[in-house]
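# Close look at the chain arrangement
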Amino acid sequence: MDEQNNNQPNDRAEKRLLILALLATALLALIVGTLAWLRYSRSLQTMTTVHVPALYLGGADGSSTIDIDMGDIDVVTKQEQYYAFSVVSKSKDGSTDRYILQLAHTTNLPFQYEVYEATGTITGEVTSANCKGENILSKTLSKDTTRPATYGEKSTIGTHLHPAADPQYYQSDKRTINSTSRTDYYILKVWWEGTIENNKETDMVYLSVGAAPKDNVGGST
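Only a predicted model underlies this, so the values are computations on that prediction, with no experimental measurement involved.

### Some remarks on the overall build of the protein chain
Along the protein chain, the regular secondary structure elements total two helices and 10 strands. Reading the secondary structure of the protein chain in the N-to-C direction produces α-β-β-β-β-β-β-α-β-β-β-β. Burial status across the protein chain gives 29% buried among its 221 residues. Here the contacts in the protein chain between residues at least 6 apart in sequence split such that 78% fall between residues at least 24 apart.

### So, the confidence of the model for the protein chain
Averaged over all residues, the pLDDT of the protein chain equals 75, while 62% of them reach at least 70. A low-confidence stretch, residues 217-221 stays under pLDDT 50, and its non-local contacts, those more than four residues away or across chains, total four contacts.

### Digging into the sheet that holds strand β4 (residues 112-118)
If you trace the five strands from one edge of the open sheet to the other, you get β1-β2-β9-β4-β5, paired in antiparallel fashion. Bordering the open sheet on either side are β1 (55-58) and β5 (131-132), each of which pairs with just one other strand. Where strand β2 (residues 80-89) lies against strand β9 (residues 183-191), nine bridges are found, and the strand directions are antiparallel. Within β9, the position partnered with Tyr83 by the bridge is Leu188.

### Let's talk about the nonpolar core
Looking at soluble globular proteins, one finds that nonpolar side chains tend to be buried together. By size, the foremost hydrophobic cluster in this structure holds 24 residues, and its most contacted members are Val87, Leu101 and Phe111. Looking at this core, the elements with two or more residues in it are β1, β2, β3 (98-105), β4 and β9. Among all residues touching Phe111, those that are not within four sequence positions of it are Ile73, Val75, His105, Val190, Trp191, Trp192 and Ile196. Counting eight residues, the second-largest nonpolar core is a separate cluster that includes Ala84, Tyr116, Ala118 and Val126.

### A short note on the pattern of salt bridges
Overall, the coordinates contain four salt bridges when judged by the stated rule. Between Glu80 and Lys189 there is a salt bridge, with its nearest N and O atoms 3.7 Å apart. With a gap of 109 residues between them, Glu80 in strand β2 and Lys189 in strand β9 connect regions that are remote in the sequence. On the accessibility criterion, Glu80 (32% relative accessible area) is partly exposed. Given a relative accessible area of 15%, Lys189 falls into the buried group. Residues joined by salt bridges that share partners form a network here, namely Glu117, Lys132 and Arg175.

### Thoughts on the packing of aromatic side chains
All told, the structure shown has two aromatic pairs when counted by the stated rule. Where Phe85 meets Tyr186, the ring centres are 5.7 Å apart and the plane angle is 25 degrees; that geometry is what we call stacked. You can see Phe85 sitting in strand β2 and its partner Tyr186 sitting in strand β9, a full 101 residues away along the chain. Neither residue differs from the other here; Phe85 and Tyr186 are each classed as buried. Their ring planes at 50 degrees and their centres at 5.2 Å tell us that Phe111 and Trp192 sit as a pair that is tilted. Residue Phe111 is located in the loop between β3 and β4, and its partner Trp192 is located in the loop between β9 and β10 (205-211); the two are separated by 81 residues in the primary sequence. Per residue, the accessibility class of Phe111 equals that of Trp192, and both read buried.

### Some remarks on the side chain of Ser91
By the secondary structure assignment, Ser91 is in the loop between β2 and β3. A polar contact of 2.8 Å, which involves the side chain of Ser91, links it to the side chain of Thr96. Leaving out residues up to four positions away in the same chain, Ser91 has contacts with Ala54, Thr96, Asp97 and Arg182.

### Examining the environment of Gly59
If you trace the backbone, Gly59 turns up in the loop between β1 and β2. Residues Gly59 and Thr121, 62 residues apart in the sequence, show an inter-C-alpha distance of 9.4 Å. The contact partners of Gly59, leaving out residues within four places of it in the chain, are Thr65, Ile66, Phe85 and Ser86.

About the cut-offs
- Once a new chain begins, its residue numbering starts again from 1 and follows that chain's sequence as written.
- pLDDT decides what is reported in this predicted model: residues at 70 or higher carry local features, side-chain atom pairs at 80 or more are listed and counted, and totals for whole chains, interfaces and linings draw on all residues regardless.
- Where side-chain values are given, they derive from all heavy atoms of the structure, hydrogens and water being excluded.
- For the purposes of this entry, the term helix denotes a DSSP run of H or I that reaches at least four residues, the term strand denotes a run of E that reaches at least two, and both are numbered from the N terminus.
- A simple rule labels every residue: compare its accessible area, found with a 1.4 Å probe on the protein chains alone, to the largest value its type can have, and call it buried under 20%, exposed over 50%, or partly exposed in between.
- We call two residues contacting when some pair of their heavy atoms lies within 4.5 Å.
- Values of pLDDT, which run from 0 to 100, indicate the predictor's confidence residue by residue.
- Note on pairing: DSSP must find at least two bridges between two strands before they are called paired.
- Nonpolar core, defined: a set of buried Ala, Val, Leu, Ile, Met, Phe, Trp, Tyr and Cys residues in which side-chain atoms within 4.5 Å join the residues together.
- By salt bridge we mean one thing: a side-chain nitrogen of Lys or Arg within 4 Å of a carboxyl oxygen of Asp or Glu.
- Here is the rule: rings of Phe, Tyr and Trp (six-membered ring for Trp) pair when centre to centre is within 6.5 Å. Planes less than 30 degrees apart are stacked, more than 60 are edge-to-face, and the remainder are tilted.
- For the purposes of these results, a polar contact is taken to be a pair of N or O atoms within 3.5 Å, where, inside protein, one atom must be able to donate a hydrogen and its partner to accept one; residues adjacent in sequence count only when each atom of the pair is a side-chain atom.

What follows is the structure in structure tokens.
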């Protein structure tokens, strides 16, 4: 009888230790789960943070998606084709108010490329009637300058580089964004002479926009 009474305090102590252990385990699981959730939330917040560029090429309506698909060029019944796009500036400090358009292309196909100001936003078919003024790609960059920058200092035509893969580079003068809409509209004209055989040749065409370098004090634009 005395032995049973002596064991009761020990049983109660063991039960209390067991309860404390369970509570400690539950508390630890809660802390670990909370830390995991905080880490996940922080990671999710990082993944969903999107930094919109201050200056970019947009669609014909000024949207953030440019839609120029040259796979539909009709070389059988036409001699030219037109595509609309825009330049959008979102900077608040004026750092991208002035910009330069650049175009580069390889020469497997006898296409010529020009860019014109557009008469405004375009919702239907793009034609020559949507073009305003003259071709703004007024500057042809020397291949002797652009080739080393593109392919390396030691690249030479015929040895390291096929002539048709040596791109032509063009760029505009400095342009100033529309101060009200913060969007400028343009037309890309692709044209050719004579007959082009549909021989599945491929060219690379790059159209880009970049903030114009600031003018030097007393310098010209």
